[in-house]
Amino acid sequence: MESPDVHIMARGGGKRSSDTVESRNGPMNGDRVDNSWMTSGQGHPKRWAILAVLVVSLLVVVLDNTVLNIALPTIQRDLSATQGQLVWAIDSYILVFASLLFTWGVLGDRIGRKKVLIIGLVVFGLASAICAFSANVGMLIGFRAVMGIGGAAVLPTTLAIITVVFPPHERGKAIGLWAGAVGAAVALGPVLGGVLLQHPQWSNWLTGNDWGSVFLINVPIVLVGVIAIIKVVPETKNPNARKLDFMGLLLSVAGLVALIYGIINASSTRDWLSLEVVIPVAIGIAIIALFLWLEARSDHASFDVSLFRNRGYAVSLAAASMAFFALSGITFTLPFYLQILRGYSVLTAGLCFVPFAVGQLIAAPRSANTVKKFGYRAVMTTGLLLVGLSLLGMLTLRMGTPLWLLLLIFFVFGLGMGNVIAPASTVMQNVLPLERAGAGSAVQNTVRQVGGALGVAIIGTVLATSYANRLEPMLSGSPLPGDAQNAASESVVATVTVLNKAVEQGMPTDMASALQSNAFDAFLGASHITMIISLVIVVLAALLVAFVLPVITAPQRGDAPPSGVNPASADDRVREEAAEYPEQLAGEISGDKPS
């Protein structure tokens, strides 16, 4: 019986692998573990079971953010949070997550990716449980950051393990299923969150609030994931692991936090050119530039800048990150439209995201076959154009928009994303030799998450500032006192709360209803501006893929290694691919089509 603790030489040198190896605890009854899959080119014999376990592990990380999005209005009311604080509740997780991907990647190389995966899930689960009992916004933001520490160990590790256990000709299908599961979680999160928030009595006796269950739900999923990983997932590590890059870690955290802080601060100043906004943004950009300059010259860089010299990798990563920017912005904005403006319950609002998941589940797993027929460039461009079409549709959203039209728009959005993320991830893993798969996975997930963080920060801040500016002339002519007007302009949730209190204190109902109607129109106008921004980003991504992505042939079963001969071992296969990488890179830089 195969041991899950066989060490797979996934990246770099180390001792030469034999066709059979003993389990870590030694052979039992003379049995030896058949390790011939490492040199046969057919992949790990349990690779599909491993994929299922990795998807469950990833599900909890993706699920958390989408569950939180649908709970934002409830949390805002309960904790009296400003729009900027809500953005920080999301971005505190994403910033820590993005900053630590490199560090966890190196630790995975050194101590084993399976161990890192388990450690990450445990940290994530414990911090999630504490978040459920947050007594104020600061506590929530702080422990969301701790959740990011654990989550950073999960996402790149799952993709790196998939790259190791699946042969090149099956990676497209495997990553398609992996991406489809991510898409399903995007919709499952709001639905699950809706069910939990619809029944606060299930947990408020324990947490003391009506939203703690959206964090407690992570705990049993983490337990199932850890048990399954121990039993099924093989250990993989790099025997020539790099040193930890502490300076790079500090600079990346400082730069990203300063940049995002400046952007979010605009929601308070309501002036993008104020010094409170410009100075942190400028400092953040300067630190990030210094970080990239130092990483390019480091012999143990956590962020492998040289990967961007590979045109297939760089363009695919840019397209995926820009698509994530749009997705993150939309999933932040739409819960307020559905729950506050349309008056849907949290469960109904959550169910509205199901068509998005259906679109992803249809497109992502089938994208590998579609790529074989039409190529990466055509499939990814079409996917981005579908995302752009859905954003155009969102510009038509009004108070009375038919529900079927909204669901159709969500479906097209998911269909487009499924044809972007899965092929782009496959390109990024396949254009690099196996030796660089871990580094490539860490970089792509980091940049993509930064794209998502910027999406939430920029879209959330534009939404807040535009809404406040549109609402100001409406409130100035109302009988509301100055303090109430300032409070009402914080967010659409705050506006409704202030108006309800004003009615209780004697404001005529007709006047309050008219002000609320004007406020909803202001929110719609502000949300349309954010959708235009997302649309421009997606169109630019489509143009980039259509005209810059090189022609890349999808791997087929039976393809010979780059050297034209079958290496004697997995380590030799890695060395052969690594040796040919400079030639592949030279072809990319010169504009030649990759072979």
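Residues numbered from 1 in each chain as written. Predicted model: local features only at pLDDT ≥ 70, side-chain atom pairs only at ≥ 80, totals over all residues. Heavy atoms only, no water.

Asks: What exactly am I supposed to notice about the overall build of the protein chain here?
Replies: Each helix and strand counted, the protein chain has 23 helices and 4 strands in total. If you take every contact in the protein chain between residues at least 6 apart in sequence, the share linking residues at least 24 apart comes to 82%. When the accessible surface of the protein chain is split by element, carbon and sulfur atoms take 64% of a total near 22,700 Å². (Helix = DSSP H or I, 4+ residues; strand = E, 2+ residues; numbered from the N terminus. Contact = heavy atoms within 4.5 Å. Areas by Shrake-Rupley, 256 points an atom, 1.4 Å probe, with all protein chains shown as cover.)

Asks: Whenever I open this one, helix H6 (residues 155-165) confuses me. Can you help?
Replies: An α-helical segment advances 3.6 residues per turn. Residues three or four places apart therefore align on the same side. In terms of burial, H6 is largely enclosed, as 11 of its 11 residues are buried. Within the sequence span of H6, burial applies to Leu155, Pro156, Thr157, Thr158, Leu159, Ala160, Ile161, Ile162, Thr163, Val164 and Val165. (Buried < 20%, exposed > 50% of the residue type's maximum accessible area, 1.4 Å probe, protein only.)

Asks: Sorry if this is basic, but what is going on with helix H3 (residues 83-111) here?
Replies: Compared with an ideal rise of 1.5 Å per residue, which puts 29 residues at 42 Å, H3 spans 41 Å between its outermost C-alpha atoms and is within 8% of the ideal. The largest bend along H3 reaches roughly 40° and is located at Leu100. Counting buried positions over the 29 residues of H3 gives 23, a clear majority of the element. Following H3 by one or two positions, Gly112 adopts a phi angle in the positive range, close to 115°. (Expected span 1.5 Å × (residues − 1). Bend = angle between axes of the 7 residues up to and from the residue.)

Asks: Explain the packing of aromatic side chains to me, please; I cannot follow it from the model alone.
Replies: Describing an aromatic ring pair means giving the distance of the ring centres and the angle of the ring planes. One pass over the full model with this rule turns up 9 aromatic pairs. Ring geometry for Phe332 and Phe336: centres 6.0 Å apart, planes at 55°, overall tilted. One end of the pair, Phe332, and the other, Phe336, are both in helix H13 (residues 311-341), 4 residues apart, so they sit about a helical turn from each other. Residue class for Phe332 comes out buried when judged on its relative accessible area of 1%. For the pair Phe356 and Phe413, a centre-to-centre distance of 5.6 Å together with 50° between the ring planes defines the contact as tilted. Of the two residues, Phe356 sits in helix H15 (residues 354-363) while Phe413 sits in helix H18 (residues 403-430), which places them 57 residues apart along the sequence. Chaining the aromatic ring pairs together yields one cluster made of Tyr93, Phe97 and Phe124. (Phe/Tyr/Trp six-rings, centres within 6.5 Å; stacked < 30°, edge-to-face > 60°.)

Asks: What's the story with the packing of helix H4 (residues 113-131) against helix H5 (residues 137-151) in this structure? I'm lost.
Replies: A pair of packed helices is captured by two measures, namely the crossing angle of their axes and the spacing between those axes. The N-to-C vectors of H4 and H5 enclose an angle of 165°; their axes lie 7 Å apart at closest approach. With respect to each other, H4 and H5 are oriented roughly antiparallel. For H4 against H5, the interelement crossing comes out left-handed. Where H4 approaches H5, its residues Gly120, Val123, Phe124, Ala127, Ser128, Ile130 and Cys131 are matched on the opposing element by Met139, Leu140, Phe143, Arg144, Val146, Met147, Ile149, Gly150 and Gly151. (Axes fitted to C-alpha atoms, helices over the stretch in contact; angles between N-to-C directions. Parallel < 35°, antiparallel > 145°, perpendicular 65-115°, else oblique. Left-handed = near helix turned anticlockwise from the far one by under 90°.)

Asks: Please explain unusual backbone geometry as it appears in this structure.
Replies: Residues other than glycine predominantly adopt negative phi, and peptide bonds predominantly adopt the trans conformation. For Ser80, which is not glycine, the phi torsion reads 50° and is therefore positive. Inspection of the secondary structure assignment puts Ser80 in the loop between helix H2 (47-79) and H3.

Asks: Could you clarify how one ought to interpret the nonpolar core in this entry?
Replies: Nonpolar side chains in soluble globular proteins generally cluster together in the buried interior. Core analysis: the largest hydrophobic core is formed by 159 residues, its most contacted members being Trp178, Phe215, Leu384, Leu391, Met394, Phe413 and Val492. Setting aside residues no more than four positions away along its own chain, Phe413 makes contact with Ala326, Leu327, Ile330, Phe356, Val387, Ser390, Leu391 and Met394. (Core = buried A, V, L, I, M, F, W, Y, C linked by side-chain atoms within 4.5 Å.)

Asks: For this particular structure, what's the right way to read the packing of H13 against helix H21 (residues 492-504)?
Replies: Two numbers describe how H13 lies on H21: the axes approach to 10 Å, and their chain directions differ by 20°. What the angle tells us is that H13 and H21 run roughly parallel. Across from Phe336, Ile340 and Leu341 in H13, the residues of H21 making contact are Val492, Val493 and Val496.

Asks: Could you clarify how one ought to interpret the pattern of salt bridges in this entry?
Replies: Any two side chains of opposite charge can pair, on the condition that their charged atoms come close. Scanning the entire structure with this criterion turns up 1 salt bridge. In this structure, the salt-bridge partner of Lys115 is Glu235, at a minimum N-O distance of 3.1 Å. Here Lys115 is found in helix H4, whereas its partner Glu235 is found in the loop between helix H10 (218-232) and strand S4 (236-237), with 120 residues between them in sequence. (Salt bridge = Lys/Arg side-chain N within 4 Å of Asp/Glu carboxyl O.)

Asks: So what exactly am I meant to see when it comes to the environment of Asn65 here?
Replies: With respect to the helices, strands and loops of the structure, Asn65 is situated in helix H2. Spatially, the C-alpha atom of Asn65 lies 9.9 Å from that of Phe215, the residues being 150 residues apart in sequence. In contact with Asn65, other than residues within four places in its own chain, are Tyr93 and Arg144.

Asks: What exactly am I supposed to notice about the side chain of Thr495 here?
Replies: For Thr495, the location among the structural elements is in helix H21. By relative accessible area, Thr495 is classed as buried at 4%. Within the local environment of Thr495, its side chain forms a polar contact with the backbone oxygen of Ser491, the two atoms lying 3.0 Å apart. With residues up to four places along the chain from it excluded, the contact list for Thr495 reads Tyr467, Leu471, Ala488 and Ala519. (Polar contact = N/O pair within 3.5 Å; in protein donor to acceptor, adjacent residues only side chain to side chain.)

Asks: I tried to follow the confidence of the model for the protein chain on my own but got confused; where do I start?
Replies: A low pLDDT means the predicted coordinates there should not be read in detail. With 83% of its residues at a pLDDT of at least 70, the protein chain reaches an overall mean of 80. Within the protein chain, helix H17 (residues 376-394) carries the highest mean pLDDT (95), whereas strand S2 (residues 20-21) carries the lowest (30). Note on residues 1-33: pLDDT under 50 across the span, and 91 contacts to partners over four residues away in sequence or across chains. (pLDDT = per-residue confidence, 0-100.)

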